[in-house]
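# Per-entry structural report
What follows is each chain in one-letter form.
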Amino acid sequence: TPERGRIEFSGVTFGFPGAETPVVKDASFVVEPGKTTAIIGSTGAGKTVLLNLMLRLYDPQQGTITIDGAPVSQLTREQLADAIGLVPQRPYLFAGTIASNLRFGRSGATEEELWEALRVAQGEDFVKAKELGLDEPVSQGGTSVSGGQRQRLSIARLLVARPKVYLFDDSFSALDVATDARLRAALPEATQGATTIIVAQRVSTITEADQILVIEAGEIVGRGTHDELLASSDVYQEIVRS
Ligand code: M5T
Ligand code: MG
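Along each chain, residues carry numbers from 1 onward, in the same order as the chain's sequence is written. Naming scheme: in the order in which they are written, chains are lettered from A and ligands are numbered from 1. For a predicted model such as this one, the threshold for reporting local features is a pLDDT of at least 70, and the threshold for listing and counting side-chain atom pairs is 80 or more; totals across whole chains, interfaces and linings nevertheless cover every residue. Values reported for side chains reflect all heavy atoms of the structure, with hydrogen atoms and water molecules removed beforehand.

### A short note on the nonpolar core
Grouped burial of nonpolar side chains is what soluble globular proteins tend to show. What makes a nonpolar core is a set of buried Ala, Val, Leu, Ile, Met, Phe, Trp, Tyr and Cys residues whose side-chain atoms join them at distances within 4.5 Å. Burial classification: accessible surface area is computed with a 1.4 Å probe over protein chains only, and a residue below 20% of its type maximum counts as buried, one above 50% as exposed, and the rest as partly exposed. Within the largest apolar cluster, 41 residues are counted, with the highest numbers of intra-cluster contacts made by Leu153, Phe168 and Ile212. In this description, contact between two residues means that some pair of their heavy atoms is separated by no more than 4.5 Å. Phe168 has contacts with Leu51, Val87, Ile155, Leu158, Leu187, Thr196, Ile197, Ile198 and Val199, leaving out every residue within four places of it along the chain. Among the nonpolar cores identified, the runner-up in size contains 29 residues, and Phe9, Val49, Leu80 and Ile215 belong to it.

### A word on the pairing of strand β9 (residues 165-169)
Secondary structure is summarised from DSSP: a helix means a run of H or I of at least four residues, a strand means a run of E of at least two, and numbering begins at the N terminus for each. Counting buried residues in β9 gives five out of five residues, a clear majority hidden from the surface. What you see with β9 is no split at all: Val165, Leu167 and Asp169 on one side and Tyr166 and Phe168 on the other are buried throughout. Pairing between two strands requires that DSSP report at least two bridges joining them. Alignment of β9 against strand β10 (residues 195-200), held across five bridges, turns out to be parallel. Residue pairing for β10: Val165 is matched across the bridge by Thr195. For the handedness criterion, the β-α-β arrangement of β9, helix α7 (residues 177-190) and β10 is classed as right-handed. Seen with the strands pointing away from the viewer, any crossover whose path from the first strand over the helix to the second strand runs clockwise is right-handed.

### Observations regarding the coordination of the magnesium ion (ligand 2)
Counted as coordinating are nitrogen, oxygen and sulfur atoms within 2.8 Å of the metal, or 3.2 Å for Na, K and Ca, while water is not included, which may make sites look incomplete. Bound to the magnesium ion (ligand 2) on the protein side are Thr48 (OG1) and Gln89 (OE1), at distances that span 2.0 to 2.3 Å. Of the two residues, Thr48 is situated in helix α1 (residues 47-54) and Gln89 in the loop between β6 (84-87) and β7 (96-97); the sequence distance between them amounts to 41 residues. A relative accessible area of 26% means that Thr48 is categorised as partly exposed. Look at Gln89 and you get partly exposed, because its relative accessible area is 34%.

Structure, rendered in structure tokens:
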């Protein structure tokens, strides 16, 4: 079977231009295809920067990042967009309708597919409650919808786009625990077993992940399953207790 959605970081160091210390330090890890990898760590630890490096928003000063063996630095923008998609920590909606925002990554998606993505993203009810449903206008920046609704629309948008790798940057922490659990229970079927990377604040969001990376000040200080980390990582134990 062809590999799909395997990501490898090898000795990756990255610092913002002009900054004294790097924000990602010598990071090496593998994200296995078809599995869920979680990234957890305190604010400013470098979680978002790790995802941004995968999307090649910046290039590392040292080390390499590959997707299915190909260095991301050699992929075209289009190949990269096909391979990997992000729900950003601060999702953005543009002026248009709910439907046009959901079709951003795949313009040919049917209405049925949009509703299915909304069902999984726990956004079906509020879109149904809109007078015009999918055709409801959205203002630039999405100021006409609440922050939580914007986040769910952004999740649905990525599900519609169907990349090989799904990145969720803190996409579930605004949801209540029950909605978070419902969404994550529905995700595997919707992503058809694609590679999933979840940055989370809440441990309950990631206990079932195949692999958890614990990051502190730009360094990977622990890795393993929830149970393995409970036994091996002081930092993880602290996160669990907090
Ligand atoms: C890691 C700095 C940030 C922090 C470190 C995105 C971004 C980050 N930083 C910049 O200087 N410029 C930038 O554009 O990099 O930041 P992070 O990866 O955003 O941290 P996080 O995602 O783990 O934190 P949080 O709060 O989202 O949980 O020193 O200042
Ligand atoms: Mg972040």
